[in-house]
Amino acid sequence: MAKEQDFSTLGVRAGTRRSEFGEHSEALFLTSSFVFEDAAAAAAGFGSPGAGEGYVYSRYTNPTVTAMQDRLAALEGADACVATASGMSAILSLSMVLLKAGDHVVCSNAVFGATVQLYATLLSKFGVETTFVPPSRLEEWQRALRPTTKLLFLETPSNPLGEVADITALAALATKAGAVLAVDNVLCTPALQRPIALGADFVVHSATKHLDGQGRVLGGAVLGRRDVIFEGLNGFLRSGGPTLSAFNAWVILKGLETLGLRMRAHSQTALELARWLEEHPKVERVYYPGLASHPQHELAKTQQKTGGGIVSFDVKGGRDAAWRVVDATQLISITANLGDAKTTITHPASTTHGRLSPDVRKAAGLGEGLLRVAAGLEAASDIKADLARGLSRL
């Protein structure tokens, strides 16, 4: 058996398909439809479209999108991948394929705010019930299980607090319950963590973040078992239409080439910021899995290569103080996006998680003084100087 290629090699080479022109950079197929040789070929294409069976219509089959899917699947160590229009459409698509009225979901309460809204509000209208539990408390997951539980869903590390869940233990729990485990790997990416190798059934991504890496396009992906991906999700995209455009797929495909390099740089800067913030007198607490003070630091070391690029911290003085730090920045971008080459800062309680009720935010540990910094590729010294300006005014 041939040795699997290194991650950096897969990021550059996996999924490459050259046309008859022999282009070196991957081709961008900006076409809505594809032409057939004859009527019989058209009938065959429309009857059984899928990977390796030709291309029909770019809502569900496009060579550029296929290349991106194959490269990401190689990086995650997954059987197959289907790309979607955004990270939230990836979660929705997987849920629509796996769930039906009467089914039950156990979801971490430390997930992106829109994910909470999807399960608590939108899917509940169609008879899907969801129980939210703390991500790192295995006994709470066990207690929440029902005979109708079909899906366990979480982010690890969580956004924005960096709480780490035991993927292997949750995978075993899901299997025993006759359910599946899906992990949102947006903060680590496969460069730092491969949930499928730890027992997860599915991985979802907001490719908008680190996979693109420069804040240029929206995209998402679901990875996992070949039967669910090709038979279920491809069919859902064909009928439901939350499709990734060929252009966005091409941008993400090129972003994957430097993913390993960028994640090492993001992580190095984030760790330096976390250590500096932990010593700052105006900071009450720092949330970063790479710190020895983090409650799941030892677990993080077993399933992540580094702590990742996201640092969150509580400032003394609540929302007013947090907003003063944000407003004092001159270098860091005030935006809720993350995974960009440019460092960003946001106040989660009023932005990414602002639609949640105060009680829900409190249960998830999202205080009014919490700030989230997504470390970019600038010099750590310049990022610290920008944060120090605001912290000095508290």
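Here goes a summary of the coordinates provided. (Residues numbered from 1 in each chain as written. Predicted model: local features only at pLDDT ≥ 70, side-chain atom pairs only at ≥ 80, totals over all residues. Heavy atoms only, no water.)

Some points on the environment of Ile310
Residue position: Ile310 is located in strand 9 (residues 310-315). For the pair Ile310 and Gly11, spaced 299 residues apart in sequence, the C-alpha separation works out to 22 Å. Setting aside chain neighbours within four positions, we find Ile310 in contact with Leu187, Ala270, Tyr287, Tyr288, Leu338, Arg372, Val373 and Ala374. (Helix = DSSP H or I, 4+ residues; strand = E, 2+ residues; numbered from the N terminus. Contact = heavy atoms within 4.5 Å.)

Brief notes about helix 3 (residues 63-76)
With 14 residues, helix 3 should reach 20 Å at 1.5 Å per residue; the first-to-last C-alpha distance of 20 Å fits that figure. Counting buried residues along helix 3, twelve of its 14 residues qualify, which places the element largely inside the surrounding structure. When helix 3 is considered as a whole, its buried residues turn out to be Pro63, Thr64, Val65, Thr66, Ala67, Met68, Gln69, Arg71, Leu72, Ala73, Leu75 and Glu76. A side-chain oxygen of the first residue of helix 3 lies 2.9 Å from the backbone nitrogen of Thr64; this N-cap is Asn62. Once helix 3 finishes, Gly77 follows within two positions and takes phi at roughly 70 degrees, a positive value. (Expected span 1.5 Å × (residues − 1). Buried < 20%, exposed > 50% of the residue type's maximum accessible area, 1.4 Å probe, protein only. Polar contact = N/O pair within 3.5 Å; in protein donor to acceptor, adjacent residues only side chain to side chain.)

Examining the pairing of strand 3 (residues 129-133)
Pairing geometry for strand 2 (residues 104-108) and strand 3, over five bridges, is parallel. Within strand 3, the position partnered with His104 by the bridge is Glu129. Note on the crossover from strand 2 through helix 5 (residues 113-122) to strand 3: the handedness is right-handed. (Pairing = 2+ DSSP bridges. Right-handed = clockwise from strand over helix to strand, strands pointing away.)

Brief notes about the nonpolar core
Met68, Leu72, Leu211, Leu223, Ile252, Leu256 and Leu259 are the most contacted members of the largest nonpolar core, which totals 29 residues. For this core, the element with the most residues is helix 3, which contributes six residues. Residue contacts for Ile252: discarding those within four places in its chain leaves Met68, Ala207, Leu211, Asp212, Val217, Leu218, Gly219 and Leu244. Core analysis: the second largest hydrophobic core is formed by 27 residues, Ile91, Leu94, Val116 and Leu356 among them. (Core = buried A, V, L, I, M, F, W, Y, C linked by side-chain atoms within 4.5 Å.)

What to know about the pairing of strand 9
With six of six residues buried, strand 9 is to be regarded as a mostly interior element. Neither face of strand 9 is open: one carries Ile310, Ser312 and Asp314, the other Val311, Phe313 and Val315, and all of them are buried. When strand 8 (residues 283-287) meets strand 9, the two strands line up antiparallel, connected through four bridges. The residue of strand 9 that forms the bridge with Val283 is Val315. Bridge count between strand 9 and strand 12 (residues 370-374): five bridges; the pairing is antiparallel. Looking at the pairing, Ser312 lines up with Arg372 of strand 12.

A short note on the sheet that holds strand 11 (residues 344-346)
The strand order 8-9-12-11-10 describes an open sheet built from five strands, whose pairing is mixed. Taken across any chain shown, the strands that pair with only one partner, and hence form the sheet edges, are strand 8 and strand 10 (333-334). Bridge count for strand 11 against strand 12 is three bridges, and the pairing is antiparallel. Pairing of Thr346 across the sheet is with Arg372, part of strand 12.

A look at the environment of Ile332
Along the chain, Ile332 falls in the loop between helix 13 (318-328) and strand 10. Of the residues examined, Ile332 reaches a relative accessible area of 4% and is grouped as buried. Each C-alpha atom of the pair Ile332 and Arg194 lies 30 Å from the other, and the pair is 138 residues apart in sequence. If sequence neighbours within four positions are ignored, Ile332 has contacts with Thr343, Thr344, Ile345, Ile383, Asp386 and Leu387.

A word on the packing of helix 4 (residues 87-98) against helix 5
At their nearest, the axes of helix 4 and helix 5 sit 10 Å apart, and the two run at 25 degrees to each other. As judged from the angle between their axes, helix 4 and helix 5 are roughly parallel. As for the relative orientation of helix 4 and helix 5, their crossing is right-handed in sense. Each of Met88, Ile91, Leu92 and Ser95 in helix 4 lies in contact with helix 5, whose residues at this interface are Ala114, Thr115, Leu118 and Tyr119. (Axes fitted to C-alpha atoms, helices over the stretch in contact; angles between N-to-C directions. Parallel < 35°, antiparallel > 145°, perpendicular 65-115°, else oblique. Left-handed = near helix turned anticlockwise from the far one by under 90°.)

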